[in-house]
Amino acid sequence: MKIRVPRLFSRATIAAVLGLGVALSSAVAAHADTAYVTYGTQAYWITAGYDGLNVAVSNGSIYPGAPLIQWYNDGAAEQKWYFDQVSVNGNAIGYLIRNENSHLCIDTDGSPGDGLFQAVCTTADPGQLFTGGFSSASRYRDSGSGWWMDISGFSYGAGATVDRKSVV
């Protein structure tokens, strides 16, 4: 998966993103004594490098449990993701990946082969904590299982399930 920075934003979108970033940046720990979240203020696309389709929330849903799929880049908010850095005792340990449209995070039920979905963000769920970097060759691994974000069956089709696999 690679990340692409959105090319064009309307003034209203920029104002909304900046306003959200200011509001969220003052929030602190899910576990007040050790885990802290620094909220991302720039939304990114997560794109499968082999077919150029984006990770999206199915049907633009804003509800927990909605599945993640790959879809054509239409610039919509259900395809844009914030990377909220999680730190424990001052050490960065990974990211919650939060959807711009729903403000819910990518999650997994922990079962191999099951699709990823969105859920209420929490640092207490290791299936929501991802490691990876910001580059065209970025890959994201969930800390709960150590498995990698992937497109089911290496599909080139829009609507294919986003899932996890053990090897990239």
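Because the structure is predicted, anything quoted here is derived from the model rather than measured.

For the chain, the count of helices and strands is one helix and 13 strands. Going from the N terminus to the C terminus, the chain shows its helices and strands as β-α-β-β-β-β-β-β-β-β-β-β-β-β. Expressed as a percentage of its 168 residues, the buried residues of the chain come to 40%. Considering only contacts within the chain whose residues lie at least 6 apart along the sequence, 55% involve residues at least 24 apart.

Moving on: the packing of aromatic side chains. All told, the structure shown has seven aromatic pairs when counted by the stated rule. Measuring from centroid to centroid gives 4.9 Å for Tyr-50 and Tyr-156, while their planes differ by 70°, and the two rings are edge-to-face. Taken as a pair, Tyr-50 in the loop between β3 (44-47) and β4 (54-57) and Tyr-156 in the loop between β12 (148-151) and β13 (162-165) lie far apart in primary sequence, 106 residues in all. We classify Tyr-156 as exposed; its relative accessible area is 52%. Taking 5.9 Å as the distance between ring centres and 85° as the angle between the ring planes, the aromatic pair formed by Phe-154 and Tyr-156 counts as edge-to-face.

For the rest of this paragraph, the subject is the pattern of salt bridges. Throughout the structure, instances matching the rule amount to two salt bridges. Across the salt bridge formed by Asp-84 and Arg-98, the nearest N and O atoms sit 2.6 Å from each other. With Asp-84 in strand β6 (residues 80-88) and Arg-98 in strand β7 (residues 91-99), this pair connects stretches of sequence that are 14 residues apart. Just as Asp-84 is buried, Arg-98 falls in that class too. Here Asp-142 makes a salt bridge to Arg-164, at a shortest N to O gap of 3.2 Å. One end of the pair, Asp-142, is in strand β11 (residues 141-142); the other, Arg-164, is in strand β13, and 22 residues separate them in sequence.

Two cysteines, two sulfur atoms, one covalent bond between them: this is a disulfide. The full count for this structure, using the stated rule, is one disulfide. With its sulfur 2.0 Å from that of its partner, Cys-105 forms a disulfide with Cys-121. Handedness of the Cys-105-Cys-121 disulfide follows from its S-S torsion of about 95°: it is right-handed. Taken together, the positions of Cys-105 in strand β8 (residues 105-107) and Cys-121 in the loop between β9 (117-119) and β10 (129-131) put the pair 16 residues apart, joining distant regions of the chain. Under the relative-accessibility criterion, Cys-105 is labelled buried at 0%. Overall, the relative accessible area of 27% leaves Cys-121 in the partly exposed class.

Note on placement: Ala-160 falls in the loop between β12 and β13. Each C-alpha atom, one on Ala-160 and one on Leu-53, is 9.9 Å from the other, the two residues being 107 residues apart in sequence. Ignoring sequence-local partners within four residues, the contact set of Ala-160 consists of Leu-68, Ile-69, Gln-70, Ile-151 and Ser-155.

How each quantity is defined
- Residues numbered from 1 in each chain as written.
- Predicted model: local features only at pLDDT ≥ 70, side-chain atom pairs only at ≥ 80, totals over all residues.
- Heavy atoms only, no water.
- Helix = DSSP H or I, 4+ residues; strand = E, 2+ residues; numbered from the N terminus.
- Buried < 20%, exposed > 50% of the residue type's maximum accessible area, 1.4 Å probe, protein only.
- Contact = heavy atoms within 4.5 Å.
- Phe/Tyr/Trp six-rings, centres within 6.5 Å; stacked < 30°, edge-to-face > 60°.
- Salt bridge = Lys/Arg side-chain N within 4 Å of Asp/Glu carboxyl O.
- Disulfide = S-S within 2.5 Å.

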